[in-house]
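# Chains, contacts and geometry: an overview
Residue strings, one per chain:
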Amino acid sequence: MSVSSEKKKAVVLLSGGLDSATVLAIARSQGFELYALSFSYGQRHIFELEAAARVAASIGVAAHRTAVVDLRAFGGSALTADIAVPKGRTTGEMSHGIPITYVPARNTIFLSFALAWAEVLEASDIFIGVNALDYSGYPDCRPEFIEAFEKMANLATKAGVEGRQALEIHTPLITLSKAEIIRKGIELAVDYSLTSSCYDPSQSGEPCGRCDSCLLRQKGFSESGIEDPLRYLKGSS
């Protein structure tokens, strides 16, 4: 195979959730060779990592790595410390302030790891499933953050300084509603039964149905007119 016919490589951040599964499928549809990157960061449960492995196998990747970085050392989030996960909030409540499920600097850390792997792979493309219309209130999901990180990334690597890499961070979901994301995923044959969105699942992995992430997922499926394939804990709806 000649160099000109080789696929471009892309590092895709893959949490195992609905958004990242859709982004992986989008990157595939754009012809990239996929290198999926997940994180064991001290989160409350490992179900999302199991989901990430299922999604990677389903969509097809050249490699899937799970990096370990224990953010429990700092805590400060309901996902990495002994802090209750908010339940039963309205979308209006979700749209005000930064929620306790925000993990300090998480996307900055994740993108830094992705940048390192991209440099090793000689890849110039990173995909991340951030979304600015998700009611999430996360500061590291905003376009301004992504633009600033991309500028920094191109100053930070040997490949960038030597002119061998002009990194681009792709955020194909950033202006989409959850319903639009789901419709796009269905169009690209994403199997959402393989994903895990819940912040506080049961010991057997069933989603709680009441945390912000579950509620936003349910809202998205309802508005898209598509049935959510996940089974929620009884009494959660």
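Preceding this section is the structure that the text describes.
Along each chain, residues carry numbers from 1 onward, in the same order as the chain's sequence is written. Per-residue local features of the predicted model are confined to residues with pLDDT of at least 70, and side-chain atom pairs are confined, for both listing and counting, to 80 or more; whole-chain, interface and lining totals are unaffected and use all residues. Here the side-chain values reflect all heavy atoms present in the structure, with hydrogen atoms and water set aside.

### Description of the pairing of strand S1 (residues 9-13)
Along any regular strand the residues' side chains alternate between the sheet's two faces. For every residue, the accessible area obtained with a 1.4 Å probe (protein chains only) is divided by the maximum for its type, and the residue is called buried under 20%, exposed over 50%, and partly exposed between those limits. For the purposes of this entry, the term helix denotes a DSSP run of H or I that reaches at least four residues, the term strand denotes a run of E that reaches at least two, and both are numbered from the N terminus. Summarising burial for S1: four of the five residues are buried, a large majority. Pairing between two strands is assigned when DSSP locates at least 2 bridges connecting them. Across five bridges, the pairing between S1 and strand S2 (residues 33-40) is parallel. Residue pairing across strands places Val12 opposite Ala36, the latter belonging to S2. Classification remark: right-handed applies to a crossover when, strands pointing away from the viewer, the course from the first strand over the helix to the second runs clockwise. Regarding the hand of the β-α-β motif, the stretch spanning S1, helix H1 (residues 18-29) and S2 is right-handed. Pairing geometry for S1 and strand S4 (residues 125-127), over three bridges, is parallel. The partner of Ala10 across the bridge, within S4, is Asp125.

### Looking at the packing of aromatic side chains
Classification of ring pairs rests on two measures: the distance between centres of Phe, Tyr or Trp rings, Trp counted by its six-membered ring, which must be within 6.5 Å, and the angle between planes, read as stacked under 30 degrees, edge-to-face over 60 and tilted in between. Under the definition given, this model contains eight aromatic pairs. An angle of 70° between the planes, with centres 5.3 Å apart, marks the rings of Phe32 and Phe127 as edge-to-face. Of this pair, Phe32 sits in the loop between H1 and S2 while Phe127 sits in strand S4; the two residues are 95 residues apart in sequence, bridging distant segments of the chain. There is no split in this pair, since Phe32 and Phe127 are both buried. Note on Phe39 and Phe113: the rings are 5.5 Å apart at their centroids and 80° apart in plane angle, and the pair reads as edge-to-face. With Phe39 in strand S2 and Phe113 in helix H4 (residues 106-121), this pair connects stretches of sequence that are 74 residues apart. Given the relative accessible area of 5%, Phe39 is considered buried. Through a chain of ring-to-ring contacts, the aromatic side chains of Phe39, Tyr41, Phe110 and Phe113 assemble into a single cluster.

### A look at empty space enclosed by the protein
As defined here, a cavity is a set of points on a 1 Å grid over the protein atoms alone where a 1.4 Å probe fits but cannot get out. A pocket is an open set with protein on both sides within 12 Å along at least five of seven lines, and residues line them when an atom is within 4 Å of a point. Grid points are joined across faces, edges and corners, and a volume is the space filled by probe spheres set on the points. The tally for this structure, following the rule as stated, stands at one cavity of 30 Å³ or more. What lines the largest cavity is a set of 44 residues, among which Ser15, Asp19, Arg106, Tyr138 and Tyr199 lie closest to the centre. Every element with two or more residues in the lining of the largest cavity is listed here: H1, S2, helix H2 (47-59), H4 and helix H8 (212-224). Looking at which element gives the most residues to the lining of the largest cavity, the answer is H8, with four residues. Amino acid classes used here: Ala, Val, Leu, Ile, Met, Phe, Trp, Tyr, Cys and Pro are nonpolar; Asp, Glu, Lys and Arg are charged; the rest, including Gly, are polar. Taken together, the residues that form the lining of the largest cavity break down as 21 nonpolar, 14 polar and nine charged.

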